[in-house]
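Chains, contacts and geometry: an overview
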Amino acid sequence: MARVAFIGLGNMGGGMAANLVKAGHDVTAFDLSEDALLRAEGHGAARAGSAQEAVANAEAVITMLPAGKHVREVFETNVIGCAPKEAILIDCSTIDVATAREEIGKAAAAGYEMVDAPVSGGIAAADAGTLTFMVGGTDAAFERARPYLEIMGKAVIHAGAAGSGQAAKICNNMLLGASMAATCETFVMARKLGLDLQTFFDISSKASGQCWSMTTYCPVPGVGPETPADRGYQGGFAAALMLKDLRLAMEAAQSVDAYTPMGAEAETLYARFAELGGGGRDFSAIIKMIDDSWQAPQ
Ligand code: NAD
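The written sequence of each chain sets the order in which its residues are numbered from 1. The predicted origin of the model limits local features to residues at a pLDDT of at least 70 and limits the giving and counting of side-chain atom pairs to 80 or more, whereas totals for whole chains, interfaces and linings rest on all residues. Excluded from the side-chain calculation are hydrogens and water; included are all heavy atoms of the structure.

According to the domain assignment, the protein contains domain 1 (3-161) and domain 2 (167-290). Each of domain 1 and domain 2 has a C-alpha centre, and the two are 29 Å apart. The contact criterion used is simple: two residues touch if any of their non-hydrogen atoms lie within 4.5 Å. The interface is formed by 11 residues belonging to domain 1 together with eight residues belonging to domain 2. Approximately 710 Å² of surface area, both sides summed, lies buried where domain 1 meets domain 2, with 67% of it carried by carbon and sulfur atoms. By buried area we mean how much accessible surface two parts lose on assembly, using a 1.4 Å probe and totalling the loss over both. For domain 1, the biggest contributors to the area lost against domain 2 are Thr94, Val97 and Met134; these three give 52% of the whole. Counted as salt bridges are all cases of a side-chain nitrogen of Lys or Arg within 4 Å of a carboxyl oxygen of Asp or Glu. One can count zero salt bridges joining domain 1 with domain 2. Domain boundaries shown here were taken from an automatic or database domain assignment.

Structure representation (structure tokens):
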């Protein structure tokens, strides 16, 4: 079993680190939040006083941080040059493609192997060890990271060279954001046209309009399988995180001159929803705004 340094033990990282401990790894944790550290200790991880201390003796360094600026700061100040050169570096945060490529390049120049390995699946999947990892990096780095990722996930897929994990993640989430918005406006229009929504679901989920946002994650309460819509849009995937991913997608689109009008519209809609106070709700709650009945939570 290996010595693993885990930095960033929030909603996602907490459960991921706990699964590494359960698999028998010797996990040393660091987070700026005392609560996060206490929870990690409760799951059997050892506490480090700093990120540098956590990585000092590590065979693998795993990070699960909020955004690109945190990843840059942690890697440039506390990981590259501080962890042993033999350690495999694995960043699981969702960040912009450019920063991911830059940090992997800096790590390589200093003699490290590193991958970007963002995830699909929320907090429940992190706790259950059923995440999907999309991994960018060399074949050798992927093979070294894979055994750790397989403990935390149900699927580990090599997306391509450095940054490809982040590219796959934001392409997927741009499609998801746009398809959810389209599903929501479709159900609102179907109701206004007098259709019974369960009947429309039964038709469309077996016809050419079928998509995951409707069939698996229907935004209408009481229609289709149980989803966050049936729980008052609590839990699930927060609209604020969807907005973060859509912004990353728009940045990436601009950087390669890709024309993404549907992604841009989805970003505009989710930004408006967040401004109206919906950021903490599941992203399917945007149907309320499209239906003109959204009341900001008190
Ligand atoms: P979170 O805010 O709960 O956790 C991030 C943790 O990083 C916090 O505990 C914070 O204290 C810590 N941190 C920040 N800067 C630090 C530093 N310099 N040193 C040490 N610790 C530091 O966020 P989360 O929900 O766990 O998400 C983490 C990442 O996973 C994000 O990039 C997010 O987009 C992505 N993601 C989240 C979900 C989800 O459903 N929550 C799903 C898929 C992907």
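Turning our attention to a nonpolar patch on the surface. A contiguous nonpolar surface patch, about 330 Å² in accessible area, is contributed by Met189, Leu193 and Leu195. A run of H or I in DSSP becomes a helix once it reaches four residues, and a run of E becomes a strand once it reaches two; helices and strands are each numbered from the N terminus. The topology assignment puts Leu193 in the loop between helix H8 (164-192) and helix H9 (197-204). A patch consists of residues whose relative accessible area exceeds 30% and which take part in no salt bridge; residues with like charges are grouped when within 9 Å of each other, and nonpolar side chains (Val, Leu, Ile, Met, Phe, Trp, Tyr) when within 5 Å. Methods summary: accessible areas were calculated by the Shrake-Rupley approach with a probe of 1.4 Å, and residue burial reflects only the protein chains presented.

Position of Phe283 among the secondary structure elements: in the loop between helix H12 (261-275) and helix H13 (286-290). Along the chain, Phe283 and Gly81 lie 202 residues apart, while their C-alpha atoms are 40 Å from each other. Leaving out residues up to four positions away in the same chain, Phe283 has contacts with Leu176, Met180, Tyr217, Phe237, Ala238, Ala239, Met242 and Tyr270.

Turning next to H9. Buried means the residue's accessible area, taken with a 1.4 Å probe over protein chains only, is under 20% of the maximum for its type, while exposed means over 50%, and partly exposed covers the values in between. Inspection of H9 places Leu197, Phe200, Phe201 and Ser204 among the buried residues, and these make up the whole buried set. All buried residues of H9 fall inside an arc of 105° around its axis, so they share one side. Residues of H9 that are buried make contact with H8 and helix H10 (212-215). Here a polar contact means two N or O atoms within 3.5 Å. Within protein one must be a hydrogen donor candidate and the other an acceptor candidate, and residues neighboring in sequence count only if both atoms are side-chain atoms. Where H9 starts, the residue carrying a side-chain oxygen 3.4 Å from the main-chain nitrogen of Gln198 turns out to be Asp196. Working definition: the arc comes from the directions between the helix axis and the C-beta atoms, pointing outward to the latter.

Here a Phe, Tyr or Trp ring, Trp counted by its six-membered ring, pairs with any other such ring whose centre lies within 6.5 Å, and the pair is stacked when the planes are under 30 degrees apart, edge-to-face when over 60, and tilted otherwise. In the structure shown here, the tally under the stated rule is five aromatic pairs. Judged by centre distance (5.4 Å) and plane angle (45°), the rings of Tyr217 and Phe283 are tilted. Note that Tyr217 is positioned in the loop between H10 and helix H11 (239-255) and Phe283 in the loop between H12 and H13, a separation of 66 residues in sequence. Given a relative accessible area of 1%, Phe283 falls into the buried group. Members of the aromatic cluster, joined through ring pairs, are Trp212, Tyr217, Phe237, Tyr270 and Phe283.

Let us now look at the environment of Tyr148. By secondary structure assignment, the location of Tyr148 is in helix H7 (residues 139-152). In this structure Tyr148 comes out as buried when scored by relative accessible area, which is 11%. Here the alpha-carbon distance between Tyr148 and Ala271, two residues 123 residues apart in the chain, equals 35 Å.

Applying the stated rule across the entire model yields 14 salt bridges. Across the pair Arg47 and Glu41 runs a salt bridge, and its minimum N-O distance is 3.3 Å. Among the salt bridges present, the one from Glu113 reaches Arg144, with a minimum N-O distance of 2.9 Å. Placement of the pair is Glu113 in strand S6 (residues 113-116) and Arg144 in helix H7, with a sequence separation of 31 residues. The partly exposed category is assigned to Glu113, whose relative accessible area is 27%. A network of salt bridges, in which partner residues are shared, links Arg72, Glu76, Glu102, Glu103 and Lys106.

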